[in-house]
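Working through the structure, step by step
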Amino acid sequence: MHRRNVLRAAVVGTGSVAFGFTMTRPSFAAYPVQTGPSPYGSLQSADANGVMLPQGFTSRVVARSSQTVPGTAYTWHGAPDGGACFADGNGWIYVSNAELSTGGGAGALRFDAAGNVVDAYRILSGTRTNCAGGATPWHTWLSCEEVDRGYVYETDPFGVNAAVQRAAMGRFKHEAAACDPDRGVVYLTEDVSDGAFYRFKPTTWGNLASGQLQVLTESGGALTWRNVPDPDGSPTATRNQVANTKRFNGGEGCHYADGVCFFTTKGDNRVWAYDAVNNTIAIAYDDNLTSSAPLTGVDNITGAPGGGDLFVAEDGGNMEICIITPDDIVAPFLRLSGHGSSEITGPAFNPAGNRLYFSSQRGTSGSSSAGVTFEVTGPFRTV
């Protein structure tokens, strides 16, 4: 991605507004991003699947909760949440968590080179409230439990190896994970109102069995990563073990690219940009800091392969996935009609970057057994 390769931040305390700049546009502009026109144009009327899309894009339903995935013998899980895509020979695999208090875990859809679903199967069972997670460079899926003292589970998208509990990554109300291969760490968000932002440094990159959990702290405007003494989180929660821990209101999605970890906080409708190169942080988006804010209920986040666009899903709001461009414009990319009691989850691109997958977690009925997983195909840009 040719995203913000230089990010300068001015931070004054935990409630600060920070400013970021990029070298990749004609002139410098400041965070937070502002409402503007989408590079894809306006949304058209809803299609037969209830999806409003820009001109030139189409949608299809690839799976429905509680129903057998067409062409397979597998019943798609309820409450589909975080997801990611993995290359699989000439095709690809889309994995999806199940945010269910019982019978959670994760499942997978396998596509051939033409985009046909050729298989579906379970990759994680026996866990609780698997919300988001993240893909690793070694082609595994980190599925995160959004429960007090929850675990991260490392799973195999190909369905060959058994899932492994990664206790060293800490026990807390996990949300999402994003790998930073440049520094050999995994960033982790925490979904509580006074949550922290973590990173896990494995003893050996590529092996998450052991390592050090660290938490981001702030003192006098300076950010420091400090070791969490007891990653097990008992009796003292991990977020309360280290002085001056920087607080974030409801950590959600997490995405790393070009030295920057973007993550979201739903409690204050923000997108943050942590510059790992310079160890600074910026508020990239805040719905109170732009006119007619299109993005509320800020949740899962992903980036377009080979491009600089971010795609952020809403939990509520107008049931949209919004785009944030390298020119610091935020605008709707798609909207679901008739899904007002649901949330959009699991946005992820296939390896070629021409298909976007996501789910409506509770569909049109508002029930976890009525989730719908979509695919959008079209001329996604490379910038």
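The coordinates are above.
Residues numbered from 1 in each chain as written. Predicted model: local features only at pLDDT ≥ 70, side-chain atom pairs only at ≥ 80, totals over all residues. Heavy atoms only, no water.

Considerations on the sheet that holds strand β9 (residues 141-145)
The sheet built from 4 strands is open, its strands ordered β8-β9-β10-β11 with antiparallel pairing. Across the chains shown, the open sheet's two edge strands, defined by having one partner strand only, are β8 (130-135) and β11 (164-165). In this structure, strand β10 (residues 152-155) lies alongside β11, joined through 2 bridges in antiparallel fashion. Bridging across to β11, Tyr 153 finds its partner in Gln 165. (Pairing = 2+ DSSP bridges. Helix = DSSP H or I, 4+ residues; strand = E, 2+ residues; numbered from the N terminus.)

A look at the sheet that holds strand β3 (residues 58-64)
Spatially, β3-β27-β26-β25 is the arrangement adopted by the 4 strands of the open sheet, whose pairing is antiparallel. This sheet does not close on itself; its edge strands, each paired only once, are β3 and β25 (344-349). The average angle at which neighbouring strand axes cross in this sheet is 20°, direction not considered. Pairing of strand β26 (residues 355-360) with strand β27 (residues 372-377), which is carried by 6 bridges, proceeds in the antiparallel orientation. Pairing of Tyr 357 across the sheet is with Glu 375, part of β27. (Axes fitted to C-alpha atoms, helices over the stretch in contact; angles between N-to-C directions.)

Here's the deal with the packing of aromatic side chains
According to the stated counting rule, one finds 30 aromatic pairs in the structure shown. Arranged with centres 5.2 Å apart and planes meeting at 80°, the rings of Phe 248 and Phe 263 form a pair that is edge-to-face. In this pair, Phe 248 sits in the loop between β16 (222-227) and β17 (251-257) while Phe 263 sits in strand β18 (residues 260-265), placing the two residues 15 residues apart along the sequence. Exposure class is identical for Phe 248 and Phe 263. Each is buried. Their ring planes at 10° and their centres at 6.3 Å tell us that Phe 263 and Trp 272 sit as a pair that is stacked. Take Trp 272: its relative accessible area is 3%, and that puts it in the buried class. Ring pairing ties together the aromatic residues Tyr 187, Phe 197, Trp 225, Phe 248, Tyr 256, Phe 263, Trp 272 and Tyr 274, which thus form one cluster. (Phe/Tyr/Trp six-rings, centres within 6.5 Å; stacked < 30°, edge-to-face > 60°. Buried < 20%, exposed > 50% of the residue type's maximum accessible area, 1.4 Å probe, protein only.)

A closer look at the nonpolar core
Across soluble globular proteins, nonpolar side chains have a tendency to be buried as a group. In terms of nonpolar packing, the biggest core is built from 22 residues, with Phe 333, Leu 334, Val 376 and Phe 380 touching the most fellow members. Those elements giving two or more residues to this core turn out to be β22 (310-314), β23 (320-324), β24 (329-336), β25, β26 and β27. Sequence-distant contacts of Phe 380, that is, excluding residues within four places in its chain, are made with Tyr 40, Phe 57, Phe 311, Phe 333, Phe 349, Gly 353, Asn 354, Arg 355 and Leu 356. (Core = buried A, V, L, I, M, F, W, Y, C linked by side-chain atoms within 4.5 Å. Contact = heavy atoms within 4.5 Å.)

As for the pairing of β9
Taken across its 5 residues, β9 has 5 buried, putting it largely inside the fold. Neither face of β9 is exposed, since Trp 141, Ser 143 and Glu 145 on one face and Leu 142 and Cys 144 on the opposite face are all buried. Summarising the sheet, β8 and β9 pair through 4 bridges and their orientation is antiparallel. Paired with Asn 130 across the strands is Glu 145, a residue of β9.

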